[in-house]
Amino acid sequence: MALRFDTRYAGQLADENALNLISAEAAAVHATIHAGTGKGNDFLGWLTLPHDYDKEEYARIKLAAEKIRKQSQVLVVIGIGGSYLGTRAAIEFINTQEHNRLGGLEIYFAGNSLSSAALSNLLTYCEEKDISINVISKSGTTTECSVVFRVFKSLLERKYGKAGAADRIYATTEYSSHSKLYELAQQEGYECFLVPDPVGGRYSVLTAVGLLPIASAGVDTDILLHGAQDAMDEYSRSDNLFENDTLKYAAIRNLYYRSGKKIEFFAAMEPDFTLLGEWFKQLFGESEGKENKGIFPAAAVFTMDLHSMGQYVQEGERTLFETLLTVSEPVADILLTDEPGDPDGLNFLAGKPLSFLNRQALEGTRIAHYDGGVPNLLLEIDRADAYHLGWLFYFFEKTCAVSGYILGVNPFDQPGVEAYKKNMFALLGKPGYEGERAALRARLNQQ
């Protein structure tokens, strides 16, 4: 198994007796997912994607990535939410957070905010660089992405001319007239890659959405997909939660939720896993937060956040449980040495690797939090590499789908996301929103 699921400190709420009571429910949900008969079943493309991906498009992705690496110093990925979180998580997980300092193609992410300061800084940096752009939007009308793409498109056309810019712009979108980005790409001659209809944004990291920038970063995407393929095979074999960790994890989450533990504190033991935590938050938050239900996903990095959030976790309100992610074989290690006179009192650690300290911090934290009333689950992989990340991506996606169905919601839609957009469009004066704009202005004036 590439991923080990340790429930030693899961507590009585999720012991064998409790799991037996929910096992039939989990098995029924597993059958529903594989039969494609549940809510949102038209968005189940991720379920078999690791084996059923478009091989012809995948070959084009690898060629485009090679071209980007040869042609450019910088790739700017323009996307928001599912159009960038999984991608950035993968690059930092495998190539470290310092990947842009290590030589080769630098990759920056834009279009995930409307901050003028952030965009100005990135534009200034790109002025003297050879750059390419991957703009990602299914509809082509996502405000944040569209605004930033306009700005970078103008920069490229000024630097390289219209034809030269078109040769450096890659559009990942829906292939239909419903997509403004697809229409523009056809008109301007941008190479296009597909956002598949049956795969929602937060489940799309193993499509062209993630694979093009990940491959451009030099990651072996064949190995990434291999990890996801093996995970898919493993977690499709059994509907018994004692034999299928995606069912077991989803069941435990819902047992905690029903017992009043409504916050999941996801903590990674490696700083390079920070963005994986952000992807986790979107995947579970957007999938389960509906109908006034849902486990609230929080994310942290240990041991750093033990010195900020640790007090709350240990002694705050007992409405949370903890999921920790660690790696048993670090990419590199440091051996601690003996210091003459023992000035800091740490000579008792001489000869021990730093990874040993990190592991003992993890074990000490698990016991302390459990004793403090916070049950915790441990996910452990051997290495932080492409294979294990592919496995992790699929593991979380399958768990999320199962958990959402057990919760009783559609884990594949996101109707609430549209509310802020509607208000923003109205306040910006977008045609067709005149009535809403007047009502919002009146409310703002009252305040």
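That block above? That's the structure.
This text gives an overview of the structure that appears in the document.

Analysis parameters
Residues numbered from 1 in each chain as written. Predicted model: local features only at pLDDT ≥ 70, side-chain atom pairs only at ≥ 80, totals over all residues. Heavy atoms only, no water. Helix = DSSP H or I, 4+ residues; strand = E, 2+ residues; numbered from the N terminus. Rg over C-alpha atoms; globule rule 2.2 N^0.38 Å. Buried < 20%, exposed > 50% of the residue type's maximum accessible area, 1.4 Å probe, protein only. Contact = heavy atoms within 4.5 Å. Areas by Shrake-Rupley, 256 points an atom, 1.4 Å probe, with all protein chains shown as cover. Salt bridge = Lys/Arg side-chain N within 4 Å of Asp/Glu carboxyl O. Core = buried A, V, L, I, M, F, W, Y, C linked by side-chain atoms within 4.5 Å. Pairing = 2+ DSSP bridges. Axes fitted to C-alpha atoms, helices over the stretch in contact; angles between N-to-C directions. Polar contact = N/O pair within 3.5 Å; in protein donor to acceptor, adjacent residues only side chain to side chain.

1. Comments concerning the overall build of the protein
Alright, step 1. Across its full length, the protein holds 16 helices and 10 strands.
Alright, step 2. For the protein, whose C-alpha radius of gyration is 23 Å, the value lies close to the compact-globule estimate of 22 Å for 447 residues.
Alright, step 3. Overall, the C-alpha framework of the protein stretches about 60 × 60 × 55 Å when taken along its three principal axes.
Alright, step 4. A total of 447 residues make up the protein; the buried ones form 51% of that total.
Alright, step 5. A sequence separation of at least 24 residues applies to 78% of the contacts in the protein between residues at least 6 apart.
Alright, step 6. When the accessible surface of the protein is summed, it comes to about 19700 Å², and 52% of that surface belongs to carbon and sulfur atoms.

2. Notes on the pattern of salt bridges
Alright, step 1. Under the definition given, this model contains 28 salt bridges.
Alright, step 2. Lys162 is the partner of Glu188 in a salt bridge, and the nearest nitrogen-oxygen pair spans 3.4 Å. Taken as a pair, Glu188 in helix H7 (residues 180-188) and Lys162 in helix H6 (residues 143-166) lie far apart in primary sequence, 26 residues in all.
Alright, step 3. One connected set of salt bridges, linked through shared partners, spans Arg4, Arg359, Glu363, Glu380 and Asp382.

3. Re the nonpolar core
One broad rule of soluble globular proteins: the nonpolar side chains tend to lie buried together.
Alright, step 1. Counting residues in each nonpolar core, the largest one holds 96 residues, and the members touching the most others are Leu276 and Phe396.
Alright, step 2. The element best represented in this core is helix H14 (residues 386-407), accounting for 14 residues.
Alright, step 3. The residues touching Phe396, leaving out its near neighbours within four places in the chain, are Tyr249, Phe266, Trp279, Phe280, Leu283, Phe284 and Leu379.
Alright, step 4. Grouped together as the second largest cluster of nonpolar side chains are 25 residues, Cys145, Leu155, Ala165 and Ala171 included.

4. A closer look at the sheet that holds strand S10 (residues 376-381)
Alright, step 1. In spatial order, the strands read S1-S10-S9-S7-S8; together these five strands make up an open sheet with mixed pairing. Looking at the sheet topology across the chains shown, the edges are occupied by strand S1 (3-6) and strand S8 (296-301). If you compare each strand with its neighbour and ignore which way they point, the axes differ by 20 degrees on average.
Alright, step 2. By the bridge criterion, six bridges tie strand S9 (residues 320-327) to S10 in an arrangement that is parallel. Looking at the pairing, Leu325 lines up with Leu379 of S10.
Alright, step 3. Across the sheet, H14 is in contact with S1, strand S7 (263-268), S9 and S10; its angle to S10 comes to roughly 145 degrees.

5. Here's the deal with helix H8 (residues 208-216)
Alright, step 1. Most of H8 sits out of view: nine of its nine residues are buried.
Alright, step 2. What H8 keeps buried is the set Ala208, Val209, Gly210, Leu211, Leu212, Pro213, Ile214, Ala215 and Ser216.
Alright, step 3. Positive phi appears at Gly218, one or two residues downstream of H8, with a value of about 90 degrees.

6. Notes on the side chain of His30
Alright, step 1. Relative to the assigned elements, His30 resides in helix H1 (residues 16-35).
Alright, step 2. Side-chain polar atoms of His30 contact the side chain of Lys398, separated by 3.5 Å.
Alright, step 3. Excluding its chain neighbours within four sequence positions, the residues that come into contact with His30 are Tyr235, Ser236, Ser238, Asp239, Asn244, Leu247 and Lys398.

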